[in-house]
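Next come the chains, spelled out residue by residue.
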Amino acid sequence: MNILLTNDDGIEETGLYALYTALSDVGDVTAIAPASDQSAVGRAMSQQVEVDSHELGYAVDGTPADCVVVGMQALDTAFDLVVSGCNRGANLGAYVLGRSGTVSAAVEATFFDVPAMAVSMYIPGGDIDFRSFEPSVAEYEEPARATRYLAETTLESGVFEHADYLNVNIPMTEEGPCDMKITKPSRIYEIDAIENEDHIVLRDRIFDQLADGTIDDPDGTDRRAIVDGRVSVSPLTAPHSMNNHETLTELASDYAHRVTPE
């Protein structure tokens, strides 16, 4: 199969190289990834990008979503699967899905009707600061193994007849392979905005809770699975789903009769 590999950390990121190597065992891999770090840009898209050849494929002066569109529309290759990652740091929780560049690349692929997965590695807290920690290729062993397995098995099994994309989070561990668990994104949201002299500090308290293992997330959620040392796989649909209700239909029907023209 033909696999488009992208990320949001940049084409020189070790995690992308680890997946490139692993996925090359199961298909023809073309990396089309940002030339520089594009973390947390969501589905931002540029009007014009520069594309340069790279030993792994192409470096795009743009966002992860740009990379997917370039791959789908500007190249002659028809891709069977898009893999975004491996991100350095987990992408857990429902509130992260629209913010993450890693996840957003997978979402973008679904609008081209191409199966996709976003892959991220959970880096445990304690003595490690995941914001500055730079894992080696060897430390991506479990993410590489799990991603290769999912790439080999999900297309033929019909998984993507029921899900648009998979959000996969994998522990950094030397004790793999880990158990794999199907999960749903946690709905717990704990963002603080704290006034500090002349500015406001925004803080995600989930990171602290993940580091010390005090999360309240129940069994079946992505964060609980990852803290318990499991590979979390959330089968998701591309935004946004419709959930109409008869009350809203009635309000829409009454609009022209109930408002006063200005």
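Residues numbered from 1 in each chain as written. Predicted model: local features only at pLDDT ≥ 70, side-chain atom pairs only at ≥ 80, totals over all residues. Heavy atoms only, no water.

1. Considering the packing of helix α1 (residues 14–23) against helix α4 (residues 141–157)
No. 1: The interhelical angle for the contact between α1 and α4, taken along N-to-C directions, is 45°, at an axis separation of 9 Å. It follows that α1 is oblique to α4 by the angle criterion. Along this stretch, α1 crosses α4, giving a crossing that reads as right-handed. Where α1 abuts α4, its residues Ala18, Leu19, Ala22 and Leu23 lie against Pro143, Ala144, Thr147, Arg148 and Ala151.
No. 2: The class makeup of the residues in the contact of α1 with α4 is seven nonpolar, one polar and one charged. (Axes fitted to C-alpha atoms, helices over the stretch in contact; angles between N-to-C directions. Helix = DSSP H or I, 4+ residues; strand = E, 2+ residues; numbered from the N terminus. Parallel < 35°, antiparallel > 145°, perpendicular 65-115°, else oblique. Left-handed = near helix turned anticlockwise from the far one by under 90°. Contact = heavy atoms within 4.5 Å. Nonpolar A, V, L, I, M, F, W, Y, C, P; charged D, E, K, R; others polar.)

2. Structural notes on the sheet that holds strand β3 (residues 51–54)
No. 1: A sheet is described by the order of its strands in space; here nine strands give the open sequence β3-β4-β2-β1-β5-β6-β7-β11-β8, paired in mixed fashion. With partners counted over all chains shown, the strands left at the sheet margins are β3 and β8 (180–182), one partner each. Recorded for the sheet is a direction-independent mean angle of 20° between the axes of neighbouring strands.
No. 2: With three bridges joining them, β8 and strand β11 (residues 231–236) adopt parallel strand pairing. Its bridge partner lying in β11, Lys181 is registered against Ser232. (Pairing = 2+ DSSP bridges.)

3. Looking at the pairing of β11
No. 1: Extensive coverage of β11 is indicated by the burial of five of its six residues.
No. 2: Relative to β11, strand β7 (residues 165–171) runs antiparallel, the two sharing five bridges. The residue of β11 that forms the bridge with Tyr165 is Leu236. (Buried < 20%, exposed > 50% of the residue type's maximum accessible area, 1.4 Å probe, protein only.)

4. Topic: the pairing of β7
No. 1: Summarising burial for β7: seven of the seven residues are buried, a large majority.
No. 2: Alternating residues of β7 divide into Tyr165, Asn167, Asn169 and Pro171 and Leu166, Val168 and Ile170, and every residue in both groups is buried.
No. 3: Relative to β7, strand β6 (residues 116–122) runs parallel, the two sharing seven bridges. Following the sheet pairing, Met117 is matched in β7 by Leu166.

5. Overview of the packing of aromatic side chains
No. 1: Counted according to the given criterion, the structure contains one aromatic pair.
No. 2: Ring geometry for Tyr95 versus Tyr189: centroids 5.3 Å apart, planes at 80°, classification edge-to-face. Of this pair, Tyr95 sits in the loop between β5 (81–88) and α3 (101–110) while Tyr189 is found in the loop between β8 and β9 (191–196), placing the two residues 94 residues apart along the sequence.
No. 3: Overall, the relative accessible area of 16% leaves Tyr95 in the buried class. (Phe/Tyr/Trp six-rings, centres within 6.5 Å; stacked < 30°, edge-to-face > 60°.)

6. Overview of the pattern of salt bridges
No. 1: This model, assessed by the stated rule, comprises ten salt bridges.
No. 2: A salt bridge links Glu108 to Arg43; the nearest nitrogen and oxygen atoms lie 2.8 Å apart. Within this pair, whereas Glu108 is found in helix α3, its partner Arg43 is found in the loop between β2 (28–34) and β3, the two being separated by 65 residues in sequence.
No. 3: Given a relative accessible area of 8%, Glu108 falls into the buried group.
No. 4: Arg43 sits in the partly exposed class, given a relative accessible area of 38%.
No. 5: Connected via shared salt-bridge partners are Glu190, Asp192, Arg203 and Arg205. (Salt bridge = Lys/Arg side-chain N within 4 Å of Asp/Glu carboxyl O.)

7. Structural notes on the UniProt feature "binding site: a divalent metal cation" (unreviewed entry) in the protein
No. 1: Mapped onto this structure's residue numbering, the UniProt feature "binding site: a divalent metal cation" (unreviewed entry) falls at Asp8, Asp9, Ser39 and Asn87. Spatially, the listed residues are clustered: although they cover 80 residues, their C-alpha atoms lie within 9.1 Å of one another.
No. 2: Of note, Asp8 is situated in the loop between β1 (2–6) and α1.
No. 3: Excluding residues that lie within four positions of it along the chain, Asp8 makes contacts with Pro34, Ser36, Asp37, Gln38, Ser39, Ala40, Pro64, Asn87, Gly101 and Thr102.
No. 4: Tracing the chain through its elements places Asn87 in strand β5.
No. 5: Note on Asn87: relative accessible area 8%, which makes it buried.
No. 6: Contact partners of Asn87, with chain neighbours within four places excluded, come to Asp8, Asp9, Thr102, Val119, Ser120, Met121 and Tyr140. (UniProt positions renumbered as here; feature names shortened; annotations may be inferred.)

8. Observations concerning the environment of Gly98
No. 1: The topology assignment puts Gly98 in the loop between β5 and α3.
No. 2: A residue is classified by how much of its surface remains accessible, and Gly98, at 59% relative accessible area, is exposed.
No. 3: In this structure the C-alpha to C-alpha distance between Gly98 and Ala31, which are 67 residues apart in sequence, comes to 23 Å.
No. 4: Excluding its chain neighbours within four sequence positions, the residues that come into contact with Gly98 are Gly42 and Ser104.

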